[in-house]
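Take a look at the letters that make up each chain.
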Amino acid sequence: MAHCGVGSLRQWCGVAVLVISCCCSFSEGIFEKKMQRCPGLYCGRLPDSDTCGACPRGYRPDNFSTCVKCDDRLTFYDALYLGFMALLSLVLHWVFIDYQTRAKRSVILLHFSALVESGLAALVTLVLSEPVGSLEVRSCEVQHLSDWYTMFYNPSPNYTHVLHCTQEIVYPLYTMVMMYYAFSLVFLLLLRPAVIRKFVENRGSKSVYAALYFLPILVITQAIFGGLLYYSFAYIILVVSVVSSAVHFASMGESSMKPLLKICMTSPRHLMILIGHWLLHAYGIIALTRMENPSFHAPLIALVPFPGIFYILTVAFTDPDNLETV
C-alpha cells in the first residue's frame, strides 16, 4: 500500500509539472508574439490586438510596436511652427489687400477684417483640437523628418503585399494647419464680402479672389512640404524678412539717406511695414534659437533693426548714377 501511495504521488507530481511547463510555454509564446515588432517604422498594434497596421489618430507605436496614446503638450518650437503657418496666410492677406486697394480707409478696414478672420480661425481650431473645448493641445513629439511622411514607409512583408501604416505621427501639427486654413476660408467668405459691401464701397474685392487662390496653394504646400517647413521655417522667416525689407526700401525710389529716412519716419504706411518686418525678423530669431539660453539669446533681438539701418546707411553707394563717375 505504501508503494502504491508513493507511485500515485509521483504520477500526480509528474502530471502537475507537465501542465505547468505547458502553461509556461504557452504564456511565453504569447509574450514573444506580443513583444515581436511589427514590420516597418510606423506600423503598430493595439494592446488587445495582434494585427499590425496604422495606429488610431492621436496614437503612435512605441519601441515594441504597441500603439500608445500621445499625452505630450505642444513644445515651444511646435507652437512657433503653428504660429508661422498662421502668420503666413495673414501676411499674404495683408500684402494682397495693400496691393489691390488704394483708398487708405478701405485698406485699414480690410486689414482689420483679415486679422479678425485669422484670429477666429485660430481660436476655433484650438477649441476643436483635443482636448476639445480647451486651448491646450495634446500632441505627439516630432522625432524625425520621416515622421511627416509615413506614407513612404509602408512595409511589404515578404514582398507579397503592402501593409498600409500611413498615419499622422506628428499629431496634430499636420491636420491643425489644414483645419486653420479651412476655417480661414469659411470666415473669409462670411465676413469679408459684408465688410467690402457695407464699409469700403465694394473696394477690395480682388483681395478675396486672391485669397481663393493662395489658400488652396498653402494647403497643398503644407501637404507636400510640411516636414521641410517644420525644420526650416526659422531660416525662411529671416531670409524673407531681410529680402522683402530691402525690396520695400528700393520701391520708395530714393537713393540718399536723409530722404529715405524721412519717408520711413513720416509715412504711417511705410513705418508700419518697417515695424512688421522687424517683428517677423524677431520671430525668426526666437524660432531659430528657441530661447534655450535666454540670457544669451534674448539680446540677439536687438539686432532686428540692423538690416534696415544698414540699407539706409549704404543706400547712397548703391545709386547706379555713381557708376558713371567711377
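In the block above lies the structure referred to throughout.
From a predicted model like this one, the values you see are computed outputs, not experimental measurements.

Peer 1: I'm lost on the layout of surface pockets in this one. Help?
Peer 2: Empty space among the atoms can be located by rolling a probe the size of a water molecule over them. Of the volumes computed, that of the largest pocket is approximately 1500 Å³. Lining the largest pocket are 35 residues, with V91, W94, V95, I273 and H277 sitting closest to its centre. Looking at the lining of the largest pocket, the elements with two or more residues in it are α2 (76-100), α3 (104-128), α5 (205-251) and α7 (268-289). A total of 11 residues in the lining of the largest pocket trace back to one element, the largest contributor, which is α2. Looking at the lining of the largest pocket residue by residue, the classes come out as 24 nonpolar, 7 polar and 4 charged.

Peer 1: What am I meant to see in empty space enclosed by the protein here?
Peer 2: Applying the stated criterion across every chain, the model contains 1 cavity of 30 Å³ or more. Reported here for the largest cavity is a volume of approximately 60 Å³. Around the largest cavity, the lining residues are S241, V242, S245, H277, W278, H281, V304, P307 and G308. Grouping the constituent residues of the lining of the largest cavity by class yields 4 nonpolar, 5 polar and no charged.

Peer 1: Quick question: what am I supposed to make of the packing of aromatic side chains here?
Peer 2: For any two aromatic rings, the description comes down to two numbers: the centre-to-centre distance and the angle of the planes. Per the counting criterion, the structure on display carries 15 aromatic pairs. An angle of 85° between the planes, with centres 5.1 Å apart, marks the rings of Y230 and Y231 as edge-to-face. The class for Y230 is buried, based on a relative accessible area of 6%. A relative accessible area of 36% means that Y231 is categorised as partly exposed.

Quick notes on the rules
- Residues numbered from 1 in each chain as written.
- Predicted model: local features only at pLDDT ≥ 70, side-chain atom pairs only at ≥ 80, totals over all residues.
- Heavy atoms only, no water.
- 1 Å grid on protein atoms, 1.4 Å probe; cavity = no way out; pocket = protein on both sides within 12 Å on 5 of 7 lines; lining within 4 Å.
- Points joined across faces, edges and corners; volume = space filled by probe spheres on them.
- Helix = DSSP H or I, 4+ residues; strand = E, 2+ residues; numbered from the N terminus.
- Nonpolar A, V, L, I, M, F, W, Y, C, P; charged D, E, K, R; others polar.
- Phe/Tyr/Trp six-rings, centres within 6.5 Å; stacked < 30°, edge-to-face > 60°.
- Buried < 20%, exposed > 50% of the residue type's maximum accessible area, 1.4 Å probe, protein only.

Keep in mind these values describe shape, not function.
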